[in-house]
Amino acid sequence: MAHPLQLGFQDAMSPVMEELLHFHDHTLMIVFLISTLVLYIITLMMTTKLTYTNTMNAQEVEMIWTILPAIVLITIALPSLRVLYLMDEINNPHLTIKAMGHQWYWTYEYTDYENLEFDSYMIHTQDLPNGYFRLLEVDHRMVMPMESPIRILISAEDVLHSWAIPSLGVKTDAVPGRLNQTTFIITRPGMFYGQCSEICGANHSFMPIVVESVPLQYFENWSSLMLS
Amino acid sequence: MLSLPALCVGTLARRGVLGAASIRAAHGHSGHVATQEDMSVPHYYDRRSIPLPDVPYHKELGAEQKALKEKEKGSWKQLSNEEKVALYRLQFNQTFAEMNRPSNEWKTVLGGIFLFFGFTGLIVWWQRVYVFPPKPHTLTDEWKAQQVKRMLDMRMNPIQGFSAKWDYDKNEWKK
């Protein structure tokens with residue numbers, strides 16, 4: 001989750017998110033450079049003693065400020081497409097989980113081996129145990145094994161929702177009548193928080209997602225416990 | 001048939017002296033027409049960005065001024081300073097310094113801005129007192145401390161974020 005007054009991204013907990021962080025650094029640096037240049041030119045223009053501003057011939061500078069932005073855009077587009085295709089690479093997931101969005105909770109189905117299904121409701125502020133995070137905690141967390149490729153199939157039972165976890169770099173819309181797939185690998189154990197990211201009614205802000213990433217042994221223990 | 005005022009206006013309009021005003025005057029609005037510039041002929045203007053206007057400021061010159069203009073056609077070294085200034089004033093209305101003189105407008109603008117800041121501040125204050133509901137109990141210092149402990153225990157953002165700033169060996173924030 002984010003800490004108070006956080007400005008940047010959360011740390012990456014999956015390889016794709018790491019790539020996204022690096023791409024963002026690259027693009028933001030370009031954006032800062034351009035903004036600094038523009039700001040500098042504006043201050044130059046505001047503080048000049050020269051007064052004649054009628055249109056004059058400017059063929060050379062016109063060439064420069066057409067070609068250079070094109071090059072900048074290509075410099076941004078190439079890494080962007082690389083990350084985009086990276087996200088869609090074929091991998092062989094070890095586990096498939098279905099996440100169904102409802103108004104206003106999620107249902108998770110682990111049906112690879114047994115038939116494990118449960119609802120995940122937000123814990124209300126007045127019922128929070130000490131030190132828990134307001135509007136982020138749920139009664140049944142989604143437990144997953146770490147360091148395994150996982151496929152999540154996301155859909156909705158009523159209206160549009162969106163399943164998003166910022167630290168994993170995942171945001172996938174839950175569309176009723178449609179199955180959307182997203183895959184990721186969680187590199188570290190821990191708890192990762194996300195919130196519904198598509199307006200879905202009165203309690204849209206109150207249906208969070210919590211992923212708990214644990215070693216495989218603990219995952220297997222948890223799933224046997226949940227089944228009984 | 002055309003009325004007499006309309007005929008008179010018509011001849012004047014043909015001479016190119018009156019413009020749209022002539023039409024409005026002919027229709028009986030003569031009392032309400034302000035003097036209008038004829039925009040189809042070159043104008044004088046004092047403009048910083050176009051330093052040389054199309055026409056001189058004083059178009060009709062008296063005898064003395066005409067003599068000065070004749071003198072100007074010779075070598076300029078023969079002109080005294082007063083004559084040079086006089087020639088300048090014939091050609092131009094204001095100097096660049098007069099044209100670009102600063103004004104006190106910025107004080108009014110800044111004052112207005114601060115006034116609105118203050119007014120907005122009053123509205124925000126009133127909102128905090130009369131509109132906002134009580135804060136949730138999770139914003140007390142005690143709860144926030146428990147929350148921070150929980151965040152550190154679960155190693156939240158351990159690479160460059162939150163937990164990366166905590167020294168787990170010494171149990172304190174990193175210096």
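Residues numbered from 1 in each chain as written. Chains lettered and ligands numbered in written order. Predicted model: local features only at pLDDT ≥ 70, side-chain atom pairs only at ≥ 80, totals over all residues. Heavy atoms only, no water.

By the naming in an unreviewed UniProt entry, chain B is Cytochrome c oxidase subunit 4, taken from Platysternon megacephalum. Taken verbatim from the UniProt record of chain B, the Sequence similarities (unreviewed entry) comment is "Belongs to the cytochrome c oxidase IV family." The UniProt entry for chain B carries the following text under Pathway (unreviewed entry): "Energy metabolism; oxidative phosphorylation." (UniProt positions renumbered as here; feature names shortened; annotations may be inferred.)

The name recorded for chain A in an unreviewed UniProt entry is Cytochrome c oxidase subunit 2, from Platysternon megacephalum. The record held by UniProt for chain A lists under Subcellular location (unreviewed entry) the comment "Mitochondrion inner membrane". Quoted straight from UniProt, the Catalytic activity (unreviewed entry) entry for chain A says "4 Fe(II)-[cytochrome c] + O2 + 8 H(+)(in) = 4 Fe(III)-[cytochrome c] + 2 H2O + 4 H(+)(out)".

Taken residue by residue, the interface counts 21 residues in chain B and 27 residues in chain A. Across the interface of chain B and chain A, roughly 2000 Å² is buried in total on both sides, 59% from carbon and sulfur atoms. Considering only the side of chain B, the residues that lose the most area to chain A are Trp143, Arg150 and Asn157 of chain B, jointly responsible for 28% of the buried surface there. Counting across the chain B and chain A interface gives one salt bridge. When residues in the side of chain B that touches chain A are grouped by element, the largest group, five residues, is from helix α7 (residues 141-153) of chain B. Among the residues forming the side of chain B that touches chain A, the class breakdown is eleven nonpolar, eight polar and two charged. (Contact = heavy atoms within 4.5 Å. Buried area = accessible area lost by both parts, 1.4 Å probe. Salt bridge = Lys/Arg side-chain N within 4 Å of Asp/Glu carboxyl O. Helix = DSSP H or I, 4+ residues; strand = E, 2+ residues; numbered from the N terminus. Nonpolar A, V, L, I, M, F, W, Y, C, P; charged D, E, K, R; others polar.)

Our next topic: the UniProt feature "domain: Cytochrome oxidase subunit II transmembrane region profile" (unreviewed entry) in chain A. Under the local residue numbering, the UniProt record ascribes the feature "domain: Cytochrome oxidase subunit II transmembrane region profile" (unreviewed entry) to residues 1-91 of chain A. With 67% helix and 0% strand, the stretch residues 1-91 of chain A has end C-alpha atoms that lie 27 Å from each other.

Here we take up the UniProt feature "transmembrane region" (unreviewed entry) in chain A. Residue and element names in this part refer to chain A. Per the UniProt record, "transmembrane region" (unreviewed entry) is annotated on residues 27-52 and 64-87. Span residues 27-52 is 77% helix and 0% strand, its end C-alpha atoms 37 Å apart. Helix makes up 100% of residues 64-87 and strand 0%. Its end C-alpha atoms lie 35 Å apart.

What follows is about the domain arrangement of chain A. Residue and element names in this part refer to chain A. Taken domain by domain, chain A consists of domain 1 (15-88) and domain 2 (95-227). Computed from C-alpha atoms alone, the centre-to-centre distance between domain 1 and domain 2 is 39 Å. Every contact between the two is made by four residues of domain 1 and, on the other side, seven residues of domain 2. Taking both sides of the interface into account, the surface hidden between domain 1 and domain 2 amounts to around 380 Å²; carbon and sulfur atoms contribute 57%. At the junction of domain 1 and domain 2, the tally comes to zero salt bridges. Taken together, the links from domain 1 to domain 2 amount to zero residue pairs in polar contact (both at pLDDT 80 or more). Tallying contributions element by element places helix α1 (residues 15-46) first for the side of domain 1 that touches domain 2, with three residues. Considering only residue class, the side of domain 1 that touches domain 2 consists of four nonpolar, no polar and no charged. (Domains from an automatic or database assignment. Polar contact = N/O pair within 3.5 Å; in protein donor to acceptor, adjacent residues only side chain to side chain.)

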